[in-house]
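The chain contents come next:
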Amino acid sequence: MSDHSVLDPLIQVAIYRLMLTLYNQGITEIHMGGLMRILGVADTVASQHDEDRVIMDEDFARYMHQMTQPRYHDQPLH
C-alpha cells in the first residue's frame, strides 16, 4: 500500500464492523492504533494512528445501520 492515509476498503469494513460490535457491547471509545493491530494491520501503519481515538455514539450506530442495509446498485451513499 503506497498511501498509508487510505486504508484498503476491506480493512475499513472490518474496522467498522468491529467498532459496531464493540459499541453494541457498551464500549464507546476506541484506540484506533490498537484496533488496527488487532485486525493484523502492520505496526508501521497502525503506529501512525496511536494517538487517534474514536468516540462512538448513537449517530455512529445509526450510520452503521444505514450502511449495512441492502440498496440498489445505483443508489448513492451520503
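Within any chain, residue numbers begin from 1 and follow the written order of that chain's sequence. Residues qualify for local features only when their pLDDT is at least 70, as the model is predicted, and side-chain atom pairs are given and counted only at 80 or more; totals for whole chains, interfaces and linings, by contrast, use all residues. Hydrogens and water molecules were not included; the side-chain quantities draw on all heavy atoms of the structure.

Q: Residue-level account of the packing of helix α1 (residues 9-24) against helix α4 (residues 58-67), with values.
A: Axes, fitted as lines to C-alpha atoms, cover a helix only where it is in contact. Angles between the N-to-C directions of the axes lie from 0 to 180 degrees. Helix and strand labels come from DSSP, where a helix needs a run of H or I of at least four residues and a strand needs a run of E of at least two; each type is numbered from the N terminus. Direction vectors running N to C along α1 and α4 enclose 130°, while the axes themselves pass 11 Å from each other. Classified by the interaxial angle, the pair formed by α1 and α4 is oblique. Handedness of the α1/α4 crossing: left-handed. Where α1 approaches α4, its residues Y16, R17, M19, L20 and Y23 are matched on the opposing element by E58, F60, A61 and M64. The class makeup of the residues in the contact of α1 with α4 is seven nonpolar, no polar and two charged. By definition in this entry, angles of less than 35 degrees are roughly parallel, angles greater than 145 are roughly antiparallel, angles of 65 to 115 are roughly perpendicular, and the rest are oblique. Rotating anticlockwise by less than a right angle from the far helix to the near helix defines a left-handed crossing, while the corresponding clockwise rotation defines a right-handed one. Between two residues, a contact is recorded if the distance between any of their heavy atoms is within 4.5 Å. Gly falls in the polar group here, along with every residue not listed as nonpolar (Ala, Val, Leu, Ile, Met, Phe, Trp, Tyr, Cys, Pro) or charged (Asp, Glu, Lys, Arg).

Q: With reference to specific residues and values, describe the pattern of salt bridges.
A: When the charged atoms of two side chains lie near each other, side chains of opposite charge can form a pair. In what follows, salt bridge is the name for a side-chain nitrogen of Lys or Arg lying within 4 Å of a carboxyl oxygen of Asp or Glu. As enumerated under the stated definition, the model contains four salt bridges in all. Notably, a salt bridge pairs R53 with E29, separated by 3.9 Å at the nearest N-O pair. Taken as a pair, R53 in strand β2 (residues 53-55) and E29 in strand β1 (residues 29-31) lie far apart in primary sequence, 24 residues in all. Between D50 and R37 there is a salt bridge whose closest N-O contact spans 2.7 Å.

Q: An account of the packing of aromatic side chains is needed here, citing residue identities and associated values.
A: Classification of ring pairs uses Phe, Tyr and Trp, with its six-membered ring standing for Trp, and accepts pairs whose centres are within 6.5 Å; under 30 degrees between planes counts as stacked, over 60 as edge-to-face, and the remaining range as tilted. Scanning the model with the defined rule gives one aromatic pair in all. Their ring planes at 65° and their centres at 6.1 Å tell us that Y23 and F60 sit as a pair that is edge-to-face. Remark: F60 occurs in helix α4 and Y23 occurs in helix α1; sequence separation between them is 37 residues. Each residue's exposure class comes from its accessible area (1.4 Å probe, protein chains only) as a fraction of the maximum for that residue type: buried when under 20%, exposed when over 50%, partly exposed otherwise. A relative accessible area of 13% means that F60 is categorised as buried.

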